[in-house]
Amino acid sequence: MFMEGHVPKGGACISVFLVLKGRDGILVGKMTRPEIWIDRFLVGEAFAPKYAASGKWLIPASHLKFGENPEDAAVRVLVEQVGARKSKLSLLQVQSHLSQDPNDPEAAHWDICLIYGGRPRGKVERPEWFSDLRFVKPKELTSEDFTRGHGDVLKELGVIKK
């Protein structure tokens with residue numbers, strides 16, 4: 001399947017997203033320090049600076065490392081990105097998103113998203129790669145409040161309505 005001639009011109013990504021619930025809503029953050037996101041969490045060099053500059057929310061997520069098991073990737077995001085202790089995560093849904101540039105429909109990009117849910121154990125502290133990290137009530141959020149793809153994941157999952 002992922003062979004030459006079988007991948008969209010815009011590429012394909014396999015990612016894990018974490019929907020972490022707390023008393024005050026779901027955990028969302030705003031990216032800062034794009035160089036850390038590129039190096040540690042595999043965000044594309046062309047995207048990380050744009051996401052950080054946008055001031056939009058994201059949910060904890062990462063592309064999978066080559067050969068990485070999705071469950072291991074989800075735990076990596078929980079522990080390394082969020083700084084939480086290991087806790088039970090459950091696979092909630094697998095989503096497939098195709099992004100197309102109207103000016104170049106053949107340059108589509110395909111995202112395969114594995115969404116895990118859970119509750120972080122202990123207090124969540126903001127690491128240096130987030131300018132803001134907190135729990136927000138889903139009814140206060142729309143898909144437009146998020147960086148590319150993150151709002152779509154939450155909307156398709158039914159966590160946010162708009």
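Please read all numbers here as calculations on a predicted model, not as lab measurements.

**Student:** Lay out the overall build of the chain in plain terms, naming residues and giving numbers.
**Tutor:** Scanning the chain for helices and strands turns up 4 helices and 7 strands. Starting at the N terminus and walking to the C terminus, you meet the elements of the chain as β-β-α-α-β-β-α-β-β-β-α. Taken along the three principal axes of its C-alpha coordinates, the chain extends 45 × 30 × 30 Å. Accessible surface computed for the chain: about 9,200 Å², of which carbon and sulfur atoms make up 51%. With 24 positive and 21 negative side-chain charges, the chain shows a spacing of 10 Å between the two charge centroids.

**Student:** An account of the nonpolar core is requested, with residue identities and associated values reported.
**Tutor:** Core analysis: the biggest nonpolar cluster contains 26 residues, and V16, L18, L20, M31, W37, L89 and Y116 have the highest contact counts within it. No other element matches helix α3 (residues 70–81), which puts 4 residues into this core. Apart from residues lying up to four places away in sequence, W37 is in contact with M31, T32, L42, V43, A48, L58, Q81, W129 and F130. One finds A61, C113, L154 and I160 within the second-largest nonpolar core, a separate group that totals 16 residues.

**Student:** I'd like a description of unusual backbone geometry, backed by residues and values.
**Tutor:** A positive phi angle is found at R33, which is not glycine, with a value near 55 degrees. Residue position: R33 is located in the loop between β2 (25–31) and α1 (34–41). Owing to a relative accessible area of 34%, R33 belongs among the partly exposed residues under this scheme.

**Student:** I'd like a rundown of the pairing of β2, residues and numbers included.
**Tutor:** Both faces of the sheet carry side chains from a regular strand, because those side chains alternate between them. For β2, a buried count of 6 out of 7 residues is recorded, marking the element as mostly surrounded by other parts of the structure. Pairing of strand β1 (residues 12–22) with β2 involves 2 bridges; the strand directions are antiparallel. If you follow G22 over to β2, its bridge partner there is G25. The antiparallel hairpin formed by β1 and β2 contains 2 residues in its connecting segment.

Reading guide: rules and limits
- Residues numbered from 1 in each chain as written.
- Predicted model: local features only at pLDDT ≥ 70, side-chain atom pairs only at ≥ 80, totals over all residues.
- Heavy atoms only, no water.
- Helix = DSSP H or I, 4+ residues; strand = E, 2+ residues; numbered from the N terminus.
- Areas by Shrake-Rupley, 256 points an atom, 1.4 Å probe, with all protein chains shown as cover.
- Lys, Arg positive; Asp, Glu negative; His and termini not counted.
- Charge placed at Lys NZ, Arg CZ, Asp CG, Glu CD.
- Core = buried A, V, L, I, M, F, W, Y, C linked by side-chain atoms within 4.5 Å.
- Buried < 20%, exposed > 50% of the residue type's maximum accessible area, 1.4 Å probe, protein only.
- Contact = heavy atoms within 4.5 Å.
- Pairing = 2+ DSSP bridges.

In short, shape yes, function no, at least from these values alone.
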